Every structure is written in structure tokens, then in C-alpha cells.
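Spelled out, the chains give:
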Amino acid sequence: EGAGGRIIVFCAPKGGTGRTTLAINTAIMVHRLDRRPVVLVDADYAAPALDVAMNLRPERNIADLLPRLSRLDEMLVDSILEQHVSGVKVLLAPPPADLSAPLSLPQVQHILVMLKRMFPWVIVDLGLPMDETAFAFLDGADRIMMTVLPEMVGLRNTRLMLEHLTGEGYPEDKVWLILNRATIRGGVSAADIASRLRIPVKFTVPDDQP
């Protein structure tokens, strides 16, 4: 595609919805099915987890790119990426204490443009808060995957987050709702969730802890 790769951003209104696990598994399966390069970006700067979840030794991360953005090229970006055993490349986040200031909108845009040029698929694990950095990633997304659990407090937070995105001008069809642990006992049904949030549930993932 001439426009470069597609950017898929996973986000959630709270922790514990399975966002990171779904982002990782999606990246690995897309790579397996499409057989083209995939990069997974840890954009949870408050609580990065991809290094632990994917058993990577975090030697390099996005902070290594920031001083060199004016002369960014594919070789430099590739030297910062970690290689996962699945074949997926990973752009890690720095430890929270190491990031002196949040990434700015131009910094995020610059890095995303380069990643789109290098990879047909760019999958982002986006953390909270919903600040300027987060919206820089959401602005660049072709699709926003919002993960939610079938419980009432999470649904209220999801409704507020959806209203925030609508208020920022995102079209509703840009956001896909993913109901995780959908079959948990006593959980709110997918139909009830869709009516409460006024957005269809695009995918459901069963409750299967193992």
C-alpha cells in the first residue's frame, strides 16, 4: 500500500481488561497469517509491560530515538527494536522513572510515520492517562480497539472514554469494542453492553484463564 502500514491501537478505560495480552496475541497472529513484518509498540509509559509479558531483555527503547529524531532513518529505528521469538519486532517503553517528560505530539507523529514506512502493520499497546501523547497515537490510528470487561464500573468508564473520543471528532466506526472474558459467570451480556454503550460489540473473547 502506497500510504504505508496500518496502525491498530489497543486502549482501555482502566487496567486489567486484557489490553496488553490482546495486543500481543493480535500482533503475533497478524504476523503469522499475513507473513509480513509487524511491529508492536509499548505506549504505556506509566506502566510498561511488553518486556515482561514477552520475555524480552529491555536494552533499548523509544527514549533512545528522541534525541535523534531530526536524523531518523530505518537503520536507526531498526537498531532500537527488540526481536521477539515469534518474529514480531517490539519498540519498548522506557522504565517510568527514565522518561523525563511525556512524548510530544510531533515526536509521536515522526516515529509513527517512520514505523508505517517500515512495517505493513503497526500495533500499539496504549496506556493511560488519555493525555496529549495518547491522543497523538489515537490520531494516527486506522483502527482503535477498545477492550472492556463485562462489569458495571468498567462499562461506565468505557462510556466516558467513548464520549471523549467522539468529542475529539473520531468517527464511531473507527472504534471497535472488544468484550474480553465475555462468558464469565454473572457478567453483563454482550447485548446489554452494546445497548448501554450505544456501540456494537465487534468481538468477544471467552473467559478462559489458562
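Now for a description of the structure that goes with this document. Just so it is clear, the structure is predicted and the values come from calculations on it, not from any experiment.

### Considering the layout of surface pockets
The calculated volume of the largest pocket comes to roughly 310 Å³. In terms of lining, the largest pocket is formed by 16 residues, of which the most central are Thr21, Leu22, Asn25, Asn180 and Val205. Its boundaries defined by the atoms lining it, the second largest pocket holds a volume of some 200 Å³. It is helix H5 (residues 132-140) that contributes the most residues to the lining of the second largest pocket, 3 residues altogether. A per-class count over the lining of the second largest pocket returns 13 nonpolar, 2 polar and 1 charged.

### Some remarks on the environment of Val39
Relative to the helices and strands, Val39 is located in strand E2 (residues 38-43). Separated by 17 residues in the primary sequence, Val39 and Leu56 have C-alpha atoms spaced 14 Å apart. Those residues in contact with Val39 that sit more than four places away from it in its chain are Leu81, Lys89, Val90, Leu91, Leu115, Phe119, Trp121, Val122 and Ile123.

### Quick word on the packing of helix H4 (residues 105-118) against H5
The interhelical angle for the contact between H4 and H5, taken along N-to-C directions, is 35 degrees, at an axis separation of 9 Å. Along this stretch, H4 crosses H5, giving a crossing that reads as right-handed. Here H4 contributes Leu105, Val108 and Leu112 to the contact with H5, which in turn contributes Glu132, Thr133, Ala136, Phe137, Asp139 and Gly140.

### Re the side chain of His84
Its place among the elements puts His84 in the loop between strand E3 (82-83) and strand E4 (89-91). Here Ser86 takes part through its side chain, which lies 2.7 Å from a polar atom of the side chain of His84. Not counting chain neighbours up to four residues away, the residues in contact with His84 comprise Ile28, Met54, Leu56 and Val90.

### Let's talk about the packing of aromatic side chains
With the rule as written, the count across this model stands at 2 aromatic pairs. Between the aromatic rings of Phe135 and Tyr170, the centroid separation amounts to 6.2 Å while the plane-to-plane angle is 5 degrees, which identifies the pairing as stacked. Of the two residues, Phe135 sits in helix H5 while Tyr170 sits in the loop between helix H6 (152-167) and strand E7 (175-179), which places them 35 residues apart along the sequence. We classify Tyr170 as buried; its relative accessible area is 8%. Judged by centre distance (5.8 Å) and plane angle (55 degrees), the rings of Trp176 and Phe203 are tilted. In this pair, Trp176 sits in strand E7 while Phe203 sits in strand E8 (residues 201-204), placing the two residues 27 residues apart along the sequence. We classify Phe203 as partly exposed; its relative accessible area is 42%.

### Observations regarding the pattern of salt bridges
Summed over the entire model, instances satisfying the criterion amount to 10 salt bridges. The partner of Lys14 in a salt bridge is Glu151, with the nearest N and O atoms 3.8 Å apart. Pair noted here: Lys14 is in the loop between strand E1 (6-11) and helix H1 (19-34) and Glu151 is in the loop between strand E6 (143-148) and H6, with a separation of 137 residues, a long-range link. Where Arg159 meets Glu163, a salt bridge forms, and the shortest distance between an N and an O atom there is 3.2 Å. Remark: Glu163 and Arg159 occur in helix H6; sequence separation between them is 4 residues, near one turn of the helix. Taking relative accessible area as the criterion, Arg159 reaches 18% and is therefore assigned buried.

### Concerning the side chain of Asp44
Position of Asp44 among the secondary structure elements: in the loop between E2 and helix H2 (50-53). Overall, Asp44 belongs to the buried group, its relative accessible area being 8%. Among the polar contacts made by the side chain of Asp44, one reaches the side chain of Arg19 at a distance of 2.9 Å.

### Side note on unusual backbone geometry
Following Leu128, the chain continues to Pro129 via a peptide bond in cis, the omega torsion being 5 degrees. Its location among the elements puts Pro129 in the loop between strand E5 (121-126) and H5. One non-glycine residue, Asn55, lies in the positive phi region at around 55 degrees. Among the secondary structure elements, Asn55 is positioned in the loop between H2 and helix H3 (74-80). For Asn55, a relative accessible area of 72% puts it in the exposed group. Unusually for a residue other than glycine, Arg198 sits at a positive phi of about 55 degrees. Locating Arg198 in the fold gives a position in the loop between helix H7 (190-197) and E8.

Reading the values: the criteria
Residues numbered from 1 in each chain as written. Predicted model: local features only at pLDDT ≥ 70, side-chain atom pairs only at ≥ 80, totals over all residues. Heavy atoms only, no water. 1 Å grid on protein atoms, 1.4 Å probe; cavity = no way out; pocket = protein on both sides within 12 Å on 5 of 7 lines; lining within 4 Å. Points joined across faces, edges and corners; volume = space filled by probe spheres on them. Helix = DSSP H or I, 4+ residues; strand = E, 2+ residues; numbered from the N terminus. Nonpolar A, V, L, I, M, F, W, Y, C, P; charged D, E, K, R; others polar. Contact = heavy atoms within 4.5 Å. Axes fitted to C-alpha atoms, helices over the stretch in contact; angles between N-to-C directions. Left-handed = near helix turned anticlockwise from the far one by under 90°. Polar contact = N/O pair within 3.5 Å; in protein donor to acceptor, adjacent residues only side chain to side chain. Phe/Tyr/Trp six-rings, centres within 6.5 Å; stacked < 30°, edge-to-face > 60°. Buried < 20%, exposed > 50% of the residue type's maximum accessible area, 1.4 Å probe, protein only. Salt bridge = Lys/Arg side-chain N within 4 Å of Asp/Glu carboxyl O.

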